[in-house]
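Here is what each chain is made of, one letter per residue.
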Amino acid sequence: MRSAIFRFLLPFFCGTITCSALAVSQAPLVRWLNERQSEPVAAMPVLQMERRWKLCALYPSLKDAYWLSINYGMIREAQRTKVQLKIFEAGGYSQFETQREQLTLCRQWGADAILLGSSLAQFPNLAASVGNTPVIAVVNELNFAAAKARVGVPWFQMGYQPGRYLAEHPPHPSLHVLLMPGPKDAGGSREMVDGFRTAVEGSSIQIVDVVYGDNDVEIQRNLLQDMLEKHPEINLIAGNAIAAQVAMGEARNRRHPLGIVSFYLSHQVYRGLKRGRIIVAASDQMALQGELAVDQAIRALQHQNVDMNISPQILVLTPANISPEKVKLSLSPLGFRPVYLFPSANLSREKVTLAMPGDEQFVAQFVSQPADQYIYGTKIRLVHPVR
């Protein structure tokens with residue numbers, strides 16, 4: 001009941017208190033010149049709305065905390081700017097045809113712009129699917145010349161940054177690494193592998209194998225268990241946040257230590273960092289990216305300057321430097337569930353006076369939970385079969 005009330009009221013919180021995240025116009029941002037070089041972006045002027053725009057956003061999936069936190073950031077910025085926002089998720093990176101159908105639904109709804117988290121970098125016949133509706137590429141690379149802007153980091157960097165930290169601070173003199181980047185040929189998986197390989201080249205770190213699979217708990221757990229049986233010398237897992245999540249559970253069943261590195265942040269990864277169970281993780285500040293995507297779409301519609309490859313700074317997080325402020329720009333609060341329409345037609349516009357958690361309370365949500373896992377705010381316990 002409590003979580004249902006939270007979901008009902010969340011879109012209005014920022015209207016009744018000061019939002020804790022930095023406004024987009026104040027946040028330190030970077031422009032990516034290529035996958036290896038970036039430059040600071042000058043502070044953007046405060047956004048002034050010319051009208052109430054209709055934005056339609058598409059996500060590949062909401063199976064993990066990454067896109068859930070993007071969703072949270074988008075909803076928060078939609079509330080602040082008073083735009084209308086409709087959101088679709090495809091249910092997985094292989095659901096290309098679903099995304100094509102959803103693009104049609106966006107146009108039928110009358111969207112002024114489409115914020116596209118594409119399942120594929122090469123989206124066939126995208127121009128025909130979107131017509132004259134402006135497109136903002138979100139998170140994933142999109143090879144579409146007509147895109148007005150892209151909000152997101154190079155996925156190469158999300159593998160490179162943790163890999164470089166690992167090479168400079170090896171927890172063991174002999175590391176045998178299994179890479180688990182996520183779905184094959186989608187979601188930046190290959191780019192993260194390339195980045196990690198580049199970072200550890202010339203070091204004593206050995207990459208034993210690379211295994212691909214959808215960002216799903218059951219799929220990732222099965223892949224991990226198979227690989228550990230096939231390669232018993234593996235003593236470090238580096239990969240997506242769900243792989244890191246299941247690796248923490250698997251490590252409890254092993255006689256020998258299993259190091260864990262995550263290529264991006266989730267609530268489970270945050271708790272792992274606080275407890276010293278994860279060595280390092282990268283964060284591209286997903287909630288802030290969601291805000292920035294809405295901001296850039298509005299600026300493009302109002303014929304203001306936007307950047308083709310803009311993002312928050314990438315954070316390299318360790319047990320020693322994790323902080324409340326970094327988490328609040330990266331993750332949705334626990335209990336937040338996907339919001340697909342803002343404002344919802346059945347919600348009143350009355351003021352809400354529920355308090356949002358302060359910094360210490362916000363962080364305590366992540367560090368005070370037991371070693372259970374949370375999917376969409378629902379608590380489940382991972383069961384590890386006896387082998």
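Look a little higher up for the structure.
I will try to describe carefully the structure that is included in this document. Quantities reported herein were computed from a predicted structural model and do not represent experimental measurements. (Residues numbered from 1 in each chain as written. Predicted model: local features only at pLDDT ≥ 70, side-chain atom pairs only at ≥ 80, totals over all residues. Heavy atoms only, no water.)

Structural notes on the environment of Asp 112
Worth spelling out the cut-off: Put simply, DSSP H or I for four residues or longer makes a helix, DSSP E for two residues or longer makes a strand, and each gets a number counted from the N terminus. Pairs of residues are marked as contacts when any of their non-hydrogen atoms sit within 4.5 Å. Think of a polar contact as two N or O atoms within 3.5 Å of one another; within protein, one of them needs to be a possible hydrogen donor and the other a possible acceptor, and neighboring residues in sequence only count if both atoms come from side chains.
As for its placement among the helices and strands, Asp 112 is situated in the loop between helix H4 (96-109) and strand S5 (113-116). Residues Asp 112 and Leu 55 lie 57 residues apart in sequence; the distance between their C-alpha atoms is 5.9 Å. Every residue in contact with Asp 112, bar those within four places of it in the chain, is listed here: Arg 51, Trp 53, Lys 54, Thr 133, Pro 134 and Leu 301. Of note is the side chain of Asp 112, whose polar atom sits 3.4 Å from the side chain of Arg 51.

A closer look at the packing of helix H8 (residues 217-230) against helix H9 (residues 241-251)
Applied cut-off: To define axes, lines are fitted to C-alpha atoms, for helices over the stretch in contact only, and angles between the resulting N-to-C directions are given on a 0 to 180 degree scale. Angle categories are assigned with fixed cut-offs, so that under 35 degrees is roughly parallel, over 145 is roughly antiparallel, 65 to 115 is roughly perpendicular, and the rest are oblique. When the near helix sits turned anticlockwise from the far one by under a right angle, the crossing is termed left-handed; a clockwise turn instead gives a right-handed crossing.
Viewed as axis vectors pointing N to C, H8 and H9 meet at an angle of 55 degrees, and their least axial separation amounts to 9 Å. As summarised for this structure, H8 and H9 are arranged oblique, according to the angle between their axes. Here H8 and H9 pass one another in a crossing that is right-handed. Where H8 approaches H9, its residues Val 217, Gln 220, Arg 221, Leu 224, Gln 225 and Leu 228 are matched on the opposing element by Ile 242, Ala 243, Gln 245, Val 246, Ala 247 and Glu 250.

A closer look at helix H6 (residues 155-168)
This is how it is decided: Between the first and last residue of a helix there are one fewer steps than residues, each counted as 1.5 Å, and that sum is the expected span. Categorising residues by exposure relies on relative accessible area from a 1.4 Å probe, with only protein chains included: less than 20% of the type maximum marks a residue as buried, more than 50% marks it as exposed, and the intermediate range marks it as partly exposed.
The end-to-end C-alpha separation of H6 is 21 Å, in line with the 20 Å expected for 14 residues at 1.5 Å each. Listed as buried for H6 are Trp 155, Phe 156, Gln 157, Met 158, Gly 159, Gln 161, Pro 162, Gly 163 and Leu 166.

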